[in-house]
Amino acid sequence: QFIQLAPEWHYRQGNMKNLLSPAFDIVFTDNNAGESAYLRNFFFQANLSQKMEIRLSDIHTLKWGMRFLYGYYTLDVNLFAIPKEGEVAYNPFDNEILDSTKGHYWFPGFYLMDQITYGPVTSLLGFNMIYNEHDRQMIFDPRLSVKYKLAEKWTAKGATGLYSQIPSNDERYEPWGTPGIKPERSVHLIGGIEYTPIDTILLDVQGYYKWFFDLVSRDDPENLASYSNQGKGYAYGLEFLLRHKMTDHFFGWISYSFCISRRKDLPDADWRPFDLDINHNLTLVASYKFNKKWQLGGRFRLQSGMPYTDVMYSDYLYDSDNNFTIPSYFGDVNRSRMPVTHQLDLRLDRYWIFDKWILSTYLDVQNVYYQKNVVGYQYSRDYNERKATTGLPIMFFLGLKGDF
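Calculation criteria
- Residues numbered from 1 in each chain as written.
- Predicted model: local features only at pLDDT ≥ 70, side-chain atom pairs only at ≥ 80, totals over all residues.
- Heavy atoms only, no water.
- Helix = DSSP H or I, 4+ residues; strand = E, 2+ residues; numbered from the N terminus.
- Polar contact = N/O pair within 3.5 Å; in protein donor to acceptor, adjacent residues only side chain to side chain.
- Contact = heavy atoms within 4.5 Å.
- Core = buried A, V, L, I, M, F, W, Y, C linked by side-chain atoms within 4.5 Å.
- Buried < 20%, exposed > 50% of the residue type's maximum accessible area, 1.4 Å probe, protein only.
- Salt bridge = Lys/Arg side-chain N within 4 Å of Asp/Glu carboxyl O.
- Phe/Tyr/Trp six-rings, centres within 6.5 Å; stacked < 30°, edge-to-face > 60°.
- Patch = residues over 30% accessible without salt bridge, like charges linked within 9 Å, V, L, I, M, F, W, Y side chains within 5 Å.
- Areas by Shrake-Rupley, 256 points an atom, 1.4 Å probe, with all protein chains shown as cover.

A.B. asks: Help me understand the side chain of asparagine 229 in this model?
C.D. replies: Position of asparagine 229 relative to the elements: it lies in strand 12 (residues 227–244). Engagement of the side chain of asparagine 229 in a polar contact is seen with the backbone nitrogen of lysine 182, the distance being 2.9 Å. Here the side chain of asparagine 229 touches aspartate 214 through a polar contact of 2.8 Å, landing on its backbone oxygen. Setting aside chain neighbours within four positions, we find asparagine 229 in contact with Ile181, Lys182, Pro183, Asp214, Leu215 and Val216.

A.B. asks: Looking at this structure, how should I read the nonpolar core?
C.D. replies: The nonpolar side chains of a soluble globular protein tend to be buried with one another. Ala37, Leu39, Leu69, Tyr73, Leu75, Val77, Leu79, Ile97, Tyr105, Phe107, Tyr173 and Trp176 together form the largest nonpolar core, which totals 12 residues. Secondary structure elements with two or more residues in this core: strand 4 (37–55), strand 5 (60–79) and strand 6 (97–118). The dominant element in this core, judged by the number of residues it contributes, is strand 5, at five residues. Apart from the residues lying within four places of it in its own chain, the contact partners of leucine 79 are Ala37, Tyr38, Leu39, Asn95, Glu96, Ile97 and Trp176.

A.B. asks: In this structure, what is going on with the pattern of salt bridges? I would like to understand it.
C.D. replies: A side chain of one charge can pair with a side chain of the opposite charge if their charged atoms are brought near each other. Within the structure shown, the criterion is met by 23 salt bridges. Taking the shortest distance from any N to any O, the salt bridge between lysine 84 and aspartate 170 comes out at 2.8 Å. Separated by 86 residues along the polypeptide, lysine 84 in the loop between strand 5 and strand 6 and aspartate 170 in helix 1 (residues 169–172) bring together distant segments of the chain. Here glutamate 171 makes a salt bridge to lysine 84, at a shortest N to O gap of 3.1 Å. Separated by 87 residues along the polypeptide, glutamate 171 in helix 1 and lysine 84 in the loop between strand 5 and strand 6 bring together distant segments of the chain. Residues joined by salt bridges that share partners form a network here, namely Glu85, Arg263, Asp265, Arg272 and Asp275.

A.B. asks: Mind showing me how you'd approach the packing of aromatic side chains here?
C.D. replies: Remark: the centre distance and the inter-plane angle together describe each pair of aromatic rings, the angle taken between the planes. This model, assessed by the stated rule, comprises 18 aromatic pairs. Ring geometry for tryptophan 9 versus tyrosine 11: centroids 5.6 Å apart, planes at 25°, classification stacked. With a relative accessible area of 49%, tryptophan 9 lands in the partly exposed category. Between the aromatic rings of phenylalanine 28 and phenylalanine 42, the centroid separation amounts to 5.2 Å while the plane-to-plane angle is 40°, which identifies the pairing as tilted. Linking phenylalanine 28 in strand 3 (residues 16–33) with phenylalanine 42 in strand 4, this pair joins segments that are 14 residues apart in sequence. Exposure remark for phenylalanine 28: the relative accessible area of 43% places this residue in the partly exposed category. Looking at phenylalanine 42, the relative accessible area reads 24%, which means it is partly exposed.

A.B. asks: In this structure, what is going on with a nonpolar patch on the surface? I would like to understand it.
C.D. replies: A cluster of nonpolar side chains, namely Phe250, Tyr288, Phe290, Trp294, Leu296, Leu348, Leu363, Phe396 and Leu398, defines an oily patch on the protein surface of about 900 Å² accessible area. When residues of the nonpolar patch are traced back to their parent elements, those giving at least two are strand 16 (294–303) and strand 25 (395–403). For leucine 398, the position within the fold is in strand 25. For leucine 398, a relative accessible area of 74% translates into the label exposed.

A.B. asks: Please clarify how the side chain of glutamate 194 should be interpreted in this entry.
C.D. replies: In this structure, glutamate 194 sits in strand 10 (residues 184–195). In terms of polar contacts, glutamate 194 uses its side chain to reach the side chain of lysine 157, at 3.0 Å. Each residue touching glutamate 194, except ones within four places of it in the same chain, is listed here: Lys147, Lys153, Trp154, Thr155, Lys157, Leu202, Leu203 and Asp204.

Listed below in structure tokens is the structure:
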């Protein structure tokens, strides 16, 4: 169960813009797995974000922002270790976790970007900073992007920067994980070109390379709560976007991405695909507004299958205390691929326009033709048979929204 409130306040005066967006969340969670395994969690979270922009001159714009996140939680848990990236098999009952705690957390952040245009060149130099209060860590990520207008319709662009991600709660809080582990980090290199044959059409092609380091992974098979930053990885790919900008009646785009991503969890481990290594991803989006009252939109997605480790016909160990079998697998991780997935979603909006506000309702139908996309496999106790697990069936959502 959850309650969310997310208002926004926009302010503009002269050369200055301001966006203030406080948000509040109250969440209750009650999960049960079997007779004695459970997780009960409550948290309240407040997030205050402010973005500002001031145009100093025709060629110089300064952008900055602040964010402060505070949360309070209570936790009552009797559970087992949660599976992690690339893990094939382990006995979760060997690491039973009992946790009954309460506490708070807070993360202040700040960013600054300095945009300068000189002739055909536009540069954006800045940084992002976050303080991790729990682990007493300051995260500082510098970034730079440059655009060069080759001609009236052609623009070349490039960017680089450092990006950080704070590890998940179960990786850095006791008794789940290891306090003090560092953030996961990556260096991004991006280059591309934009072409606008007419005002409403944009063609954007770009390639990228990412180097990941300090990735979090388990480092002790006998202690599933022991983590370190010994993992590393890389990813490279190409992205293609053809977009029709919004007009009075129509907008849409076609996007395609190709990606290869690899990682190793320990220095002496082999390179393997990430769990979410989706090599091909095609998306088509279109929306048509018939008049001021009716709008119809749709999205079609086609993706190559995610990698997984097939443990069919593997040997296994039997835990007689818990009546549980664990496959003894020592081969390559994520060497197999699930089938290709595809899905069509449609949405119909109806608007009622008043003097000072707009009321709208919508009908959202997801997975229109009920495609049974495979998301995983369940194995028999002796690993000689398996059955595919499919995603959600066709789903209908009816919504109501007011804009003031």
